Amino acid sequence: MAASSSPADAAGGADDGGDVHEVGRIVGAWGVKGWIKVEPYADDPAALLGVRRWRVAAGEPASRAQPPAQPLTIVQARRHGEFVLAQPEGISDRDAADALRGLRVCVPRSAFPKPPTDAYYWVDLIGSTVANREGAALGTVVGLIETGAHAVLRVRAGEEGADAVERLIPFVNAYVDEVDLAHRVVRVDWGLDY
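Position numbers for residues count from 1 along each chain, tracking the sequence in the order it is written. Predicted model: local features are reported for residues with pLDDT of at least 70 only, side-chain atom pairs are reported and counted for 80 or more only, and whole-chain, interface and lining totals are derived from all residues. With hydrogens and water excluded, all non-hydrogen atoms of the structure serve as input to the side-chain values.

(A) Local environment of the nonpolar core. Side-chain atoms within 4.5 Å are what join buried Ala, Val, Leu, Ile, Met, Phe, Trp, Tyr and Cys residues into a set we call a nonpolar core. Any residue under 20% of the maximum accessible area for its type is buried, any over 50% is exposed, and the rest in between are partly exposed; the area is computed with a 1.4 Å probe on protein chains only. One finds Ile26, Ile36, Val38, Trp54 and Val105 to be the most contacted residues of the largest nonpolar core, which totals 24 residues. Secondary structure elements with two or more residues in this core: strand 3 (18–30), strand 4 (35–40), helix 1 (46–49), strand 5 (53–57), strand 6 (70–80), strand 7 (83–88) and strand 8 (104–108). Contacts are assigned to residue pairs with any non-hydrogen atoms lying within 4.5 Å of each other. Not counting residues up to four positions away in its chain, the partners in contact with tryptophan 54 are Ile36, Val38, Leu48, Gln70, Pro71, Leu72, Ile74, Ala86, Val105, Cys106 and Val107. Counting residues in each nonpolar core, the second largest holds 18 residues, with Leu138, Val155, Ile169 and Trp190 among its members. In this description a helix means any DSSP run of H or I spanning at least four residues, a strand means any run of E spanning at least two, and both kinds are numbered starting from the N terminus.

(B) Representation of the sheet that holds strand 10 (residues 129–132) in the model. We treat two strands as partners when DSSP finds at least two bridges between them. Strand order in this open sheet of six strands is 13-12-11-10-15-14, and the pairing throughout is mixed. Two strands in the sheet have a free side with no partner beyond their single neighbour: strand 13 (165–170) and strand 14 (176–180). Within the sheet, the average angular offset between the axes of one strand and its neighbour, ignoring direction, is 35°. Angles here are taken between N-to-C directions and fall from 0 to 180 degrees, while the axes themselves are lines fitted to C-alpha atoms, restricted in helices to the stretch in contact.

(C) Broad picture of the pairing of strand 10. As paired strands, strand 10 and strand 11 (residues 137–146) are joined by three bridges and run antiparallel to one another. In the strand pairing of strand 11, valine 130 is matched with glycine 139. Note: strand 10 against strand 15 (residues 185–188), four bridges, orientation parallel. Bridge pairing in strand 15 places asparagine 132 opposite valine 188.

Have a look at this one:
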């Protein structure tokens, strides 16, 4: 069981009729001819490489319903070590490419490759109800944390604030019994008092 970190969080909104999700960040210019260097959030950046029209935005999303505002057409893209190098249309020098540094890169959800069996995109888990083996509701998945060894579900019960209870549940077979994406439920071996 694995959670793919491609789209760590939804960037929300729509791009040509489909929802878009953040899959990386532009970390700077590459070379002198207008190429950009992108840090993908996934080990396999297929979503970035397979789409020629990205959506980019500065800063953090104000809400999951706010779409990234600026389209960016990509002429070419290729993998370069752990990064993706891309040549945006209309960008022809290093200074113009470096001006894009820090922008969030989003692509339509339809561009994501199908995950292997027993693997899930993080964005697909966000908002799912988490219940334990006794049927007690533990809360809702609000995020995932990548620890290096495995992912950890961030589960929140109650509204965000002083009264909210947040549980951190390792996303491993020992604690996660079932992920039911169709019904948006994650069943776990976890007590209410953990």
